[in-house]
Amino acid sequence: MSAEDCEFRTVWRTTVRLVAVACVATLAAACTSSGPSDDSKLLEPVRPPARSASLLNEMRERGTIRIGVKFDVPLFGLRDPATGRLSGFDVEIAKAIVNRIYPEAEDPLNHIEFIEAISKNREKFLQEHTVDLVVSTYTINAARKELVDFAGPYYIAGQDILTRTEEISSGRIRGVGDVNGKKVCSVTGSTSLNNLRAAAPKVDTSVTKDKYSECFESLQKREVIAMSTDDVILLGLSHGSTEFALVGNPFHTEPYGIGVPKGDDELREFINDTLQKLFLDGTWERAFRATIGTTGATAPSPPAIDRYPSAR
């Protein structure tokens, strides 16, 4: 069916709801194909199909859950280029949530489609139904809660600075105030960038990247003097290196939450209940030890879950 035919039929049969929904879904699929048609420039933007009344039931029936994670953050979400396998704390938390949705599953990975969710596209992915959940070092804050909802938090990080060991040993960089006037990299769309600018108003943030791994590359190439984001992300990037080190003076806290579509209180509370269970039965601590704990870090106490009221 061509885009024009689809549009004509949708207008003609607006009173027949099921046909209209099917037509919109067909057109949306055409618009997301890898090879655009010759008349693609003539297509109007198409709203994604509406979710079912219960996303939780939809996921159970569908048999697959689309989860947004990082692909380039050691300890939290890292993709092995050779095998394609993902590892990290966020991945383990995602698997534990899926285990509760499919309690009879032999392997939760059989029910997960992992999709790379970088900092700047997480809200968009949830709003456009590209993913069902986001477990992607996703800091909960008021601005984001206007766009999406959060379960959790499931981890509390602290924002710090990663720089060359010589900068710390010499005393040139001992805290966030020492990067004023210096070039520091952070990630576009992250809370880290705004926190850095607020804490060091004269910092030079002209070098921003889409991914934390790209920021670390800029630091390695001496394009910047430092990079700043959550301490556990920096720890993962620099683990095993003697050339780089964390300053060890966090200047902001970052509560990580599970992103869910706005207004889906049923799903949010299901995940909150699941997280609470993971905290109590030892699953959360085992996931920490298998990932972040490999650096020698000691597992903290799990954070208190914020069961904030619905905004609807």
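This section reports on the structure supplied with the text. The shown structure was predicted, so the numbers you read here are calculated from the model rather than taken from an experiment. (Residues numbered from 1 in each chain as written. Predicted model: local features only at pLDDT ≥ 70, side-chain atom pairs only at ≥ 80, totals over all residues. Heavy atoms only, no water.)

Notes on the pattern of salt bridges
The final tally for this structure, using the stated rule, is 16 salt bridges. For arginine 62, the salt bridge goes to glutamate 58, with nearest N and O atoms at 2.7 Å. A residue pair is termed a helical-turn pair when its members lie 3 or 4 positions apart in one helix, as arginine 62 and glutamate 58 do in helix 3 (residues 55–62) at 4 residues. With its nearest N and O atoms 2.6 Å apart, the salt bridge here joins arginine 307 to glutamate 269. Within this pair, whereas arginine 307 is found in the segment after helix 12 (283–290), its partner glutamate 269 is found in helix 11 (residues 265–281), the two being separated by 38 residues in sequence. Arginine 307 sits in the partly exposed class, given a relative accessible area of 37%. Among the charged side chains, a salt-bridge network with shared partners connects Glu58, Arg62, Arg66 and Asp132. (Salt bridge = Lys/Arg side-chain N within 4 Å of Asp/Glu carboxyl O. Helix = DSSP H or I, 4+ residues; strand = E, 2+ residues; numbered from the N terminus. Buried < 20%, exposed > 50% of the residue type's maximum accessible area, 1.4 Å probe, protein only.)

Focus: the side chain of asparagine 195
With respect to the helices and strands, the residue asparagine 195 is situated in helix 8 (residues 191–199). Under the relative-accessibility criterion, asparagine 195 is labelled buried at 13%. Look past the residues within four positions of asparagine 195 in its chain and what remains in contact with it is Gln159, Phe251, His252 and Glu254. (Contact = heavy atoms within 4.5 Å.)

Some words on the sheet that holds strand 3 (residues 77–79)
In any sheet, the strands associate via hydrogen bonds between backbone groups, in a parallel or an antiparallel arrangement. A sheet is described by the order of its strands in space; here 3 strands give the open sequence 2-3-4, paired in antiparallel fashion. Two strands close off the open sheet at either side, each with one partner strand: strand 2 (72–73) and strand 4 (86–87). Here strand 2 runs beside strand 3; their pairing, made up of 2 bridges, is antiparallel. Note that in strand 3 the partner of valine 73 across the bridge is glycine 77. (Pairing = 2+ DSSP bridges.)

Quick look at the packing of helix 11 against helix 12
Describing two packed helices takes the angle between their axes plus the distance from one axis to the other. Helix 12 packs onto helix 11 with a crossing angle of 75° between their chain directions and a minimal axis gap of 4 Å. Compared by their axis directions, helix 11 and helix 12 come out roughly perpendicular. Contacts between helix 11 and helix 12 pair Leu278, Phe279 and Asp281 from the former with Thr283, Trp284 and Arg286 from the latter. Its residues assigned to classes, the contact of helix 11 with helix 12 comprises 3 nonpolar, 1 polar and 2 charged. (Axes fitted to C-alpha atoms, helices over the stretch in contact; angles between N-to-C directions. Parallel < 35°, antiparallel > 145°, perpendicular 65-115°, else oblique. Nonpolar A, V, L, I, M, F, W, Y, C, P; charged D, E, K, R; others polar.)

Quick notes on the state of the cysteines
Counted according to the given criterion, the structure contains 1 disulfide. Residue pairing for cysteine 185: its cysteine sulfur links by disulfide to cysteine 215, the two sulfurs lying 2.0 Å apart. For the disulfide bridge between cysteine 185 and cysteine 215, the dihedral angle about the S-S bond is near -80°, and by the sign convention the bridge is left-handed. One end of the pair, cysteine 185, is in strand 8 (residues 184–187); the other, cysteine 215, is in helix 9 (residues 212–220), with 30 residues separating them in the sequence. Each member of the pair, cysteine 185 as well as cysteine 215, carries the same accessibility label: buried. (Disulfide = S-S within 2.5 Å.)

Side note on empty space enclosed by the protein
Here the structure, examined in full by the defined rule, presents 1 cavity of 30 Å³ or more. Size it by volume and the largest cavity reaches roughly 40 Å³. Every residue lining the largest cavity is listed: Ser119, Arg122, Thr137, Thr139, Arg144, Ser190, Thr191, Ser192, Tyr212, Thr229, Asp230 and Glu254. Here the residues of the lining of the largest cavity sort into 1 nonpolar, 7 polar and 4 charged. (1 Å grid on protein atoms, 1.4 Å probe; cavity = no way out; pocket = protein on both sides within 12 Å on 5 of 7 lines; lining within 4 Å. Points joined across faces, edges and corners; volume = space filled by probe spheres on them.)

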